[in-house]
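# Coordinates in review
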4 protein chains.
Amino acid sequence: PGTVCLEDYERLAREVLPHDVYEYLASGCADDLTLASNRSSFDRWQILPRMLTDCTQGSTELTLLGEKFRHPILLAPVAHQGLVHPDAELATAEAAAIMEAGMIASTLSSVPMEGIANQLQSNKWFQLYFQKDRNGTLDLIRRAEVCGFSALIVTVDVPVNGVRNRVQRSGFRLPEEGSAANLSNQSAPEPIVLEPHESIIFQGLMREAPTWQDIEWLKSQTDMPILLKGILHPADAVRCQELGLQGIVVSNHGGRSLDTVPSTMAMLPLVREAVGKEFPVLLDGGIRRGADVFKALALGADAVLIGRPQVFALAVAGALGVAHMLKLLRDELEITMALAGCPSLARIGREALFDATSYSNELSMRKV
Amino acid sequence: PGTVCLEDYERLAREVLPHDVYEYLASGCADDLTLASNRSSFDRWQILPRMLTDCTQGSTELTLLGEKFRHPILLAPVAHQGLVHPDAELATAEAAAIMEAGMIASTLSSVPMEGIANQLQSNKWFQLYFQKDRNGTLDLIRRAEVCGFSALIVTVDVPVNGVRNRVQRSGFRLPEEGSAANLSNQSAPEPIVLEPHESIIFQGLMREAPTWQDIEWLKSQTDMPILLKGILHPADAVRCQELGLQGIVVSNHGGRSLDTVPSTMAMLPLVREAVGKEFPVLLDGGIRRGADVFKALALGADAVLIGRPQVFALAVAGALGVAHMLKLLRDELEITMALAGCPSLARIGREALFDATSYSNELSMRKV
Amino acid sequence: PGTVCLEDYERLAREVLPHDVYEYLASGCADDLTLASNRSSFDRWQILPRMLTDCTQGSTELTLLGEKFRHPILLAPVAHQGLVHPDAELATAEAAAIMEAGMIASTLSSVPMEGIANQLQSNKWFQLYFQKDRNGTLDLIRRAEVCGFSALIVTVDVPVNGVRNRVQRSGFRLPEEGSAANLSNQSAPEPIVLEPHESIIFQGLMREAPTWQDIEWLKSQTDMPILLKGILHPADAVRCQELGLQGIVVSNHGGRSLDTVPSTMAMLPLVREAVGKEFPVLLDGGIRRGADVFKALALGADAVLIGRPQVFALAVAGALGVAHMLKLLRDELEITMALAGCPSLARIGREALFDATSYSNELSMRKV
Amino acid sequence: PGTVCLEDYERLAREVLPHDVYEYLASGCADDLTLASNRSSFDRWQILPRMLTDCTQGSTELTLLGEKFRHPILLAPVAHQGLVHPDAELATAEAAAIMEAGMIASTLSSVPMEGIANQLQSNKWFQLYFQKDRNGTLDLIRRAEVCGFSALIVTVDVPVNGVRNRVQRSGFRLPEEGSAANLSNQSAPEPIVLEPHESIIFQGLMREAPTWQDIEWLKSQTDMPILLKGILHPADAVRCQELGLQGIVVSNHGGRSLDTVPSTMAMLPLVREAVGKEFPVLLDGGIRRGADVFKALALGADAVLIGRPQVFALAVAGALGVAHMLKLLRDELEITMALAGCPSLARIGREALFDATSYSNELSMRKV
Ligand SMILES: Cc1cc2nc3c(=O)[nH]c(=O)nc-3n(C[C@H](O)[C@H](O)[C@H](O)COP(=O)(O)O)c2cc1C
Ligand SMILES: Cc1cc2nc3c(=O)[nH]c(=O)nc-3n(C[C@H](O)[C@H](O)[C@H](O)COP(=O)(O)O)c2cc1C
Ligand SMILES: Cc1cc2nc3c(=O)[nH]c(=O)nc-3n(C[C@H](O)[C@H](O)[C@H](O)COP(=O)(O)O)c2cc1C
Ligand SMILES: Cc1cc2nc3c(=O)[nH]c(=O)nc-3n(C[C@H](O)[C@H](O)[C@H](O)COP(=O)(O)O)c2cc1C
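In this report, the structure presented in the accompanying data block is examined. Since the structure is predicted, the reported quantities are computational estimates derived from the model, not experimental observations.

## So, helix α6 (residues 134-147) of chain B
Residues and elements named next belong to chain B. An ideal rise of 1.5 Å per residue puts 20 Å on 14 residues; α6 measures up with 20 Å between its terminal C-alpha atoms. Every buried residue of α6 is accounted for by Gly136, Thr137, Leu138, Leu140, Ile141, Arg143, Ala144 and Cys147. Structurally, α6 contributes buried residues whose contacts are with α5 (113-119), β6 (124-128), β7 (152-155) and α9 (212-221).

Now the structure itself:
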């Protein structure tokens, strides 16, 4: 009854989940500054509505990488969903199918990707983390191909873990078993042996981190469209484009990787400007309202991903929760479009926004 | 005794009203961001007073659409006033008459418009919501004409209801009976039947929403001056002007329709610039102080409307409350004019304001 | 022991004074926005110190209207000091004499001006409120001349009382007797009789408010230098200069007159720019720290006035309190000058300040 | 267990230390505005990361004044460490040696500088406060030379004590004995005798304050490289350069000297611009996170100093605490570099930052 918007699911999840699990899901990193700014950066933009527009032919449909989507709201890859619900990603996928939402299955899902793929007819993508060696990575790709995933989302923004202070304080640890079903056949990580004066970060953990060369190699190994997830810098976006990749996700991993990086909404317009109109650009980070989706599209995103709300809704009410969460958001998007006078996604452009931080300037230049 | 300004009536109303009714009246929509920014946007502007001006001939009079008004403070259309007081809009109208304030009767009044009109000698306008079919709309117009309403305020910013989360959480529902006395003879709404994949918003609710064509039709049906209420975009304002309408109300429905739209005070100067000096422009949203009225006029409004404070005052003390509320506001306006050195409305111009956000710039350009 | 800065006196005064008296002294008007911005506007300016300057010849002396002052901190006119201490202004004057601070005696002092003048050897000025008729005003001027007051500070920013909501709520009323000792021989106010449709503000109270003509008349009646107190607009400042007045006090009456007018620190640089380098400009409003005095001088003030802290200190500890308060502030000013590398008032210029709001711009223009 | 970042040490120190000692360490001065702005000014800058960079050769090494340092994090001079731990600076030095951090021993150390020097093999500098007479100062320099300190950091920003209101309120006093072991053989301060009308600040305390002439004299007395600590103004920085000094520390004494001076991060880019690329510039003030170190380097600092966290860690867990604190910070720096795609200090430039306050401008100029 009191669950009327996405934030309500976060509030309820906080009540039903063990503290450490909640902290693992909800926290960002270090001082949570990027986490907070992902949200607050939406406030800079206001929607400037047009009245009396005919909306009776309205629709939220779009085409992305050649696929049709009923609406531009996708489920972001979120690992280890078994932490919050026994059906884990299977429930999430069921909800995605019902609500006709695209879903991006995580490398680190609690159930094998094959099960997830089974629940989904279309709009199913696979999120790839590079593995210790190329064979391990190839194994994941081949399985994803077999499962019928239609795109590969390669996450590149956590080559080492961020400074997860809230998680450290909560005492949270991943359960030893079953937290990453897709990786059971991967070979064990090699122990790190360092010379004196070598760094555990640089000479240790970063040894296994992918570089641009690995992306080129990946491209040579599969015909699936490849999108890099975790791009913030316009120059990195352009590099993806030049490499012939199919798109990017502007993301800072929900503020979980490096604290004090810019919000995704701050970077989005600069990225879109850099890559031009046609290159597929998605965005995630802090999307909680239909108005947020609207603003992201207006600044150049083709679609958006939803991270935490899906696990909060899953924790609270399983597949039904996730479906309800998606319905709330999609209804809000349609109402926003109707009230703003934009009956199709193509009508949602920069001119539908008002910059709350600069109107004084505009004004003083013109009027006073 | 402790009721010394408009906000006091809100505080008291919160105490005397059932929670759900208070929430219905006080809330905006979604996260209440536009509601808050309607208020906070007044803070950007400061009044730059002139000293030692002769004010002994001072007056707040104005002429609007050819009518004389004693002061530029009108009562906004506010629906369902029977929720808070048995005399409903009759009490409000009585107060308006005593305080010589213009009143805009809502389509959704709890008592028939005929009764309201009876209480008012002059400065009475009728607010129109388009009905399901044109006959229903025409019926309202004809009755308004007969009642002697001298202008038609057509509200265009809620073709579908906003996301009223606080109202949903409060459990508020309009009473089945008597909540819209003017509409008792309107035909029942047709049930919405949708094809699969049609949207309840676009193909459902928006089917009955008016478009610019309906406005043109309306204009052909009546000689009353027509003002559109709910305009934010300067281009929409210009379109009203081009259609030969008599004016607009810059409004975002008190933050109740689409959250995250700009405050009305942010749009007002851009709208005024777009339509030129003569076109009647009114404003509402967050007016609570005489200084607010002053600032709105200084940025180009001809007059302002007061929404919530009238129902809060009505809830607290009936007609007397509304009259007292109007008196407080009008006295504040006169004191503000006297202290600012502006003895008439015509003297209240942009040069009487100081932009708190840009003085540093001005300064650094000139002085440092 | 815990009284180490001016704000401590406010805290303590709040404890020792009856609530209504505290409210009368401490409050601004309406929503206290100008009161707050008087304080917060100091934060925009930061002091940019120079190191290793020789300060052994340092001094805070200045000459104002031909008089020597030991330091640029004067006591503002504050009415009715008998409300907080039996010795009233006599105690304040004693403290001023001890600390060699200039004092401006209010028209509305609780003890006659003659007693105050007796306590002060030099640097004593008289603050004038225009009286109902010119004879009453002349009576005050003649007495001030006889007492040896060396300047007339004419307060022009409260022709009608502001909207004093906190005072109204507190129930405060001035005691019938003895609250304005200087005015006991003034004739009683005439009752206000209004025509229907006349305004109590414009045709009532403003009838007795002075205009520029009255200032010219005043100038013809006395040889004392005349400064207008309550000027905010640069154009009004220039008008004072053109009339041949001797200076102004940039003031908004401590935020007690019209709420939402700019802070005095916001207007000061624009006023100084308008009147040129030589015209005497004083400032009050929110001065609580030596750094505040420094910043006001750096932006063009010749000296500053202290309002509320004097009555708070008087309430807490009588003459000793006021003297201690002045000593704290003067010591802070000297420490600030020493640490900033400015050993004389003449060295405190605009270049000693850093604009916290615009450094990004400067920077991006030059460096990035 | 819960000690996962530097602020945790502050929290814990607050619990274990007597209130007055905590206040002495933690407080700034006056209203703590500069203290707060030292921290908040980091928020203006965001890190704009590059993805998929090869970091396997990563390192934090640098060369400063001809010395090699393992990383750019030094311990700032912090007086009287015996207040919080019996081993005082000896423990701190032990931690510095273990973590290969540079250490700057204070003139006011609780143990003699000889003991501190003994603990350190390299990267040891001495912080000099000028003494009452030149012999006293020379004595300190000669001892520092004998001890093998390789640079002299001359602190110039507290010629008189700031307005330490929190310390005054706490009742804190330095213990009579043993608080400044290096100065036991200095001659006693001469009593200050003032003429009437002389100032305790200017003619009293500032008599002993050094001036630029004393710096020139100092330079003639030693071959150690000299850096001035406490420079904020670019012009003072240039003067150091012109005098042939070896560098500066941009510092405001951790907000303890003059309140309302700019944050060090605000001045850093202007200082760097003024002195050019090669002149050694260090910075301190509010560094608490690896990201803060990164940002300071990106804006032009060669290295940074850490003040309060060292005494908080010392209070909580002695040498181990300080070592752990340094390890936390250094690890954070390496993770930041890895996630930002900057595998060496030389790669950390202005282009790695994003200005959170100006992106709207950039954007509106280019895109909209
Ligand atoms: C608990 C959790 C687990 C995540 N796991 C993954 C993952 O396995 N792969 C991935 O690319 N991103 C992962 N992310 C990041 C999300 O895909 C997404 O970028 C982020 O959550 C979006 O921000 P939002 O949560 O504010 O919507 C995870 C995020 C969370 C909160
Ligand atoms: C309870 C309530 C009912 C309202 N009903 C109507 C209405 O029937 N017609 C209309 O045009 N506007 C309606 N409004 C909007 C007001 O006319 C007005 O635009 C708004 O309240 C102004 O903002 P304010 O409340 O901050 O003064 C309503 C507003 C409230 C709060
Ligand atoms: C209690 C009180 C009484 C005052 N009385 C007078 C007065 O009689 N005449 C006058 O010119 N200003 C009067 N003022 C205004 C002060 O002179 C001064 O402008 C103001 O207090 C400065 O601001 P501050 O209180 O923040 O220092 C009064 C202010 C207060 C707070
Ligand atoms: C308790 C304390 C004692 C200090 N003692 C000295 C000192 O003896 N010499 C000196 O140059 N700076 C001294 N400082 C200033 C520090 O060197 C440094 O500039 C400042 O603490 C940096 O800011 P942070 O504490 O925010 O890191 C001291 C600071 C503190 C907090």
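## Thoughts on the site of ligand 1
Residues and elements named next belong to chain A. The environment of ligand 1 is made up of 22 residues, and the closest members are Pro77, Ser106, Thr155, Asp284 and Gly286. At 2.8 Å, a backbone N or O of glycine 286 approaches an oxygen atom of ligand 1. When isolated, ligand 1 has an accessible area of 600 Å², and the protein chains bury 98% of it. Split into classes, the residues belonging to the shell around ligand 1 amount to 8 nonpolar, 9 polar and 5 charged.

## Points about the packing of helix α6 (residues 134-147) of chain A against helix α9 (residues 212-221) of chain A
Residues and elements named next belong to chain A. The interhelical angle for the contact between α6 and α9, taken along N-to-C directions, is 40 degrees, at an axis separation of 11 Å. The orientation of α6 with respect to α9, classified from their angle, is oblique. Considering how the two elements wind past one another, α6 and α9 form a crossing that is right-handed. In contact with Arg134, Thr137, Leu138, Ile141, Arg142 and Glu145 of α6, α9 contributes Gln213, Asp214, Trp217, Leu218 and Gln221. Here the contact of α6 with α9 is composed, by residue class, of 4 nonpolar, 3 polar and 4 charged.

## Focus: the site of ligand 4
Residue and element names in this part refer to chain D. Near ligand 4, the surroundings consist of 22 residues, among which Pro77, Ser106, Thr155, Asp284 and Gly286 are the closest. Interatomic distance of 3.0 Å between a backbone N/O atom of alanine 79 and a nitrogen atom of ligand 4. Between an oxygen atom of ligand 4 and a side-chain N or O atom of serine 251, the distance comes to 3.4 Å. Here ligand 4 loses 98% of its free accessible area of 600 Å² to cover by the protein chains. Of the residues belonging to the shell around ligand 4, the class tally is 8 nonpolar, 9 polar and 5 charged.

## A few points about the relation of the copies chain B and chain A
Once chain B is rotated about the relating axis by 90 degrees and shifted along it by 0.1 Å, it coincides with chain A to within an RMSD of 0.0 Å. In symmetry terms, the pair is related by a four-fold rotation axis.

## Regarding the pattern of salt bridges
Residues and elements named next belong to chain B. A full pass over the atoms with the stated rule returns 80 salt bridges over all chains. Here arginine 166 makes a salt bridge to glutamate 23, at a shortest N to O gap of 2.8 Å. Of the two residues, arginine 166 is situated in helix α7 (residues 165-170) and glutamate 23 in helix α2 (residues 19-26); the sequence distance between them amounts to 143 residues. With a closest N to O distance of 3.5 Å, arginine 330 and glutamate 334 form a salt bridge. Of this pair, arginine 330 and glutamate 334 both sit in helix α13 (residues 308-340), 4 residues apart, roughly one helical turn. As far as burial versus exposure is concerned, arginine 330 and glutamate 334 are alike and both buried.

## Brief notes about the pairing of strand β11 (residues 303-306) of chain A
Residues and elements named next belong to chain A. Residues of β11 alternate between two faces, with Ala303 and Leu305 on one and Val304 and Ile306 on the opposite face, all of them buried. Two strands pair when backbone bridges link them, and strand β4 (residues 73-75) and β11 are joined in this way by 3 bridges, in the parallel orientation. Within the sheet, the bridge partner assigned to leucine 75 lies in β11 and is isoleucine 306. Inspection of the sheet shows strand β10 (residues 281-284) paired to β11 by 3 bridges, in the parallel sense. Its bridge partner lying in β11, aspartate 284 is registered against leucine 305. For the segment spanning β10, helix α12 (residues 290-298) and β11, crossover handedness is right-handed.

## Considerations on the nonpolar core
When a protein is soluble and globular, its nonpolar side chains tend to lie buried together. Grouped together as the largest cluster of nonpolar side chains are 520 residues, with contacts concentrated most on A:Leu228, B:Leu228, C:Leu228 and D:Leu228. Discounting chain neighbours no more than four positions away, the residues touching C:Leu228 are B:Leu52, C:Val154, C:Val156, C:Trp212, C:Ile215, C:Cys240, C:Leu245, C:Gly247, C:Ile248 and C:Val249.

## Focus on the interface of chain B and chain A
Facing the 50 residues of chain B at the interface are 41 residues of chain A. For the chain B face of the interface with chain A, the top three residues by lost area are B:Phe202, B:Leu258 and B:Thr260, together amounting to 17%. Across the contact surface, chain B and chain A share 3 salt bridges. Between B:Asp236 and A:Arg50 there is a salt bridge, and its shortest N-O distance comes to 2.9 Å.

## A word on the sheet that holds strand β11 (residues 303-306) of chain B
Residue and element names in this part refer to chain B. Pairing in this closed barrel of 8 strands is parallel, and the strands run β4-β5-β6-β7-β8-β9-β10-β11 around the ring. Strand-to-strand, the axes of this sheet are offset by a mean angle of 30 degrees, without reference to chain direction. In this structure, strand β8 (residues 226-231) lies alongside strand β9 (residues 247-250), joined through 4 bridges in parallel fashion. Paired with leucine 227 across the strands is glycine 247, a residue of β9. On the sheet, α6 packs against β6 and β7 and is oriented at approximately 175 degrees with respect to β6.

## Quick look at unusual backbone geometry
Residue and element names in this part refer to chain C. The phi dihedral of leucine 65 falls on the positive side, at around 50 degrees, and the residue is not glycine. Tracing the sequence through the fold places leucine 65 in the loop between β2 (62-64) and β3 (67-69). In this structure, histidine 253 takes a positive phi of about 60 degrees despite not being glycine. Among the structural elements, histidine 253 can be located in the loop between β9 (247-250) and α11 (264-275).

## Section: the interface of chain C and chain B
The interface of chain C with chain B comprises 49 residues on the first partner and 41 residues on the second. Roughly 4000 Å² is buried in total at the junction of chain C and chain B, and carbon and sulfur atoms are behind 63% of that figure. Counting the surface chain C buries against chain B, the share from its top three residues, C:Phe202, C:Leu258 and C:Thr260, is 17%. The tally of links from chain C across to chain B stands at 3 salt bridges. On the surface where chain C and chain B come into contact, there are 13 residue pairs in polar contact (both at pLDDT 80 or more). Mapped by element, the contributors of at least two residues to the side of chain C that touches chain B are α3 (33-40), α7 (165-170), α8 (200-204), α9 (212-221), β8 (226-231), α10 (234-242) and α11 of chain C. Counting residues per element, the side of chain C that touches chain B draws most heavily on α11(C), which supplies 5 residues.

## Some remarks on α10(C)
Residue and element names in this part refer to chain C. Burial in α10 covers these residues: Pro234, Asp236, Ala237 and Cys240. Axial view of α10: buried residues confined to an arc of 160 degrees, hence all on one face. Contact partners of the buried residues in α10: α9, β8, β9 and α11. Residue glycine 244 follows α10 closely and has a positive phi angle near 85 degrees.

Reading guide: rules and limits
Residues numbered from 1 in each chain as written. Chains lettered and ligands numbered in written order. Predicted model: local features only at pLDDT ≥ 70, side-chain atom pairs only at ≥ 80, totals over all residues. Heavy atoms only, no water. Helix = DSSP H or I, 4+ residues; strand = E, 2+ residues; numbered from the N terminus. Expected span 1.5 Å × (residues − 1). Buried < 20%, exposed > 50% of the residue type's maximum accessible area, 1.4 Å probe, protein only. Contact = heavy atoms within 4.5 Å. Near = heavy atom within 4 Å. Polar contact = N/O pair within 3.5 Å; in protein donor to acceptor, adjacent residues only side chain to side chain. Areas by Shrake-Rupley, 256 points an atom, 1.4 Å probe, with all protein chains shown as cover. Nonpolar A, V, L, I, M, F, W, Y, C, P; charged D, E, K, R; others polar. Axes fitted to C-alpha atoms, helices over the stretch in contact; angles between N-to-C directions. Parallel < 35°, antiparallel > 145°, perpendicular 65-115°, else oblique. Left-handed = near helix turned anticlockwise from the far one by under 90°. Least-squares fit on C-alpha atoms with pLDDT ≥ 70 in both. Salt bridge = Lys/Arg side-chain N within 4 Å of Asp/Glu carboxyl O. Pairing = 2+ DSSP bridges. Right-handed = clockwise from strand over helix to strand, strands pointing away. Core = buried A, V, L, I, M, F, W, Y, C linked by side-chain atoms within 4.5 Å. Buried area = accessible area lost by both parts, 1.4 Å probe. Arc of directions from axis to C-beta.

Remember, this is a structural readout, not a statement about activity or role.
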